[in-house]
Amino acid sequence: IVIEQLTKNVNEGHLREIFGSYGPIKDIKLPLNPVFNVNRGTAYILYEEIEDAERAIAKMHEAQLDGAKILVSV
């Protein structure tokens, strides 16, 4: 899944804690801006099961994370 519009405060630990509640996570990619060493506002999460990914999208799309509305999609 793709998570967009993340604030600069969000790190991989936050994503594992929040999105891990929907099922086992196989991989997380959180690209960083090399100059400022903060995330670029987008993360990619790969779940072990498609059903877990679909549930995370259904529950987290347009949810609040660190005070900002995030977008979650395939």
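- Going by what an unreviewed UniProt entry lists, the chain is known as RRM domain-containing protein and is assigned to Bimuria novae-zelandiae CBS 107.79.

1. Quick word on the pattern of salt bridges
Now for step 1: Per the counting criterion, the structure on display carries three salt bridges.
Now for step 2: For the salt bridge of Arg-16 with Glu-12, the shortest nitrogen-to-oxygen distance reads 3.2 Å. In this pair, Arg-16 and Glu-12 are both assigned in helix 1 (residues 12-19), four residues apart and thus about one turn of the helix distant.
Now for step 3: Overall, Arg-16 belongs to the partly exposed group, its relative accessible area being 37%.
Now for step 4: We note a salt bridge from Asp-27 to Lys-29, for which the minimum N-O separation is 2.7 Å.

2. Digging into the nonpolar core
One broad trend across soluble globular proteins is that nonpolar side chains are buried collectively.
Now for step 1: Counting residues in each nonpolar core, the largest one holds 21 residues, and the members touching the most others are Ile-1, Ile-3, Leu-6, Leu-15, Phe-19, Ile-45 and Tyr-47.
Now for step 2: Looking at this core, the elements with two or more residues in it are helix 1, strand 2 (25-29), strand 5 (42-47) and helix 2 (50-60).
Now for step 3: Looking at this core element by element, the count peaks at four residues for helix 2.
Now for step 4: Excluding residues within four positions of it along the chain, Ile-45 makes contact with Ile-1, Ile-3, Leu-15, Phe-19, Ile-25, Asp-27 and Ile-28.

Parameters and conventions
- Residues numbered from 1 in each chain as written.
- Predicted model: local features only at pLDDT ≥ 70, side-chain atom pairs only at ≥ 80, totals over all residues.
- Heavy atoms only, no water.
- Salt bridge = Lys/Arg side-chain N within 4 Å of Asp/Glu carboxyl O.
- Helix = DSSP H or I, 4+ residues; strand = E, 2+ residues; numbered from the N terminus.
- Buried < 20%, exposed > 50% of the residue type's maximum accessible area, 1.4 Å probe, protein only.
- Core = buried A, V, L, I, M, F, W, Y, C linked by side-chain atoms within 4.5 Å.
- Contact = heavy atoms within 4.5 Å.

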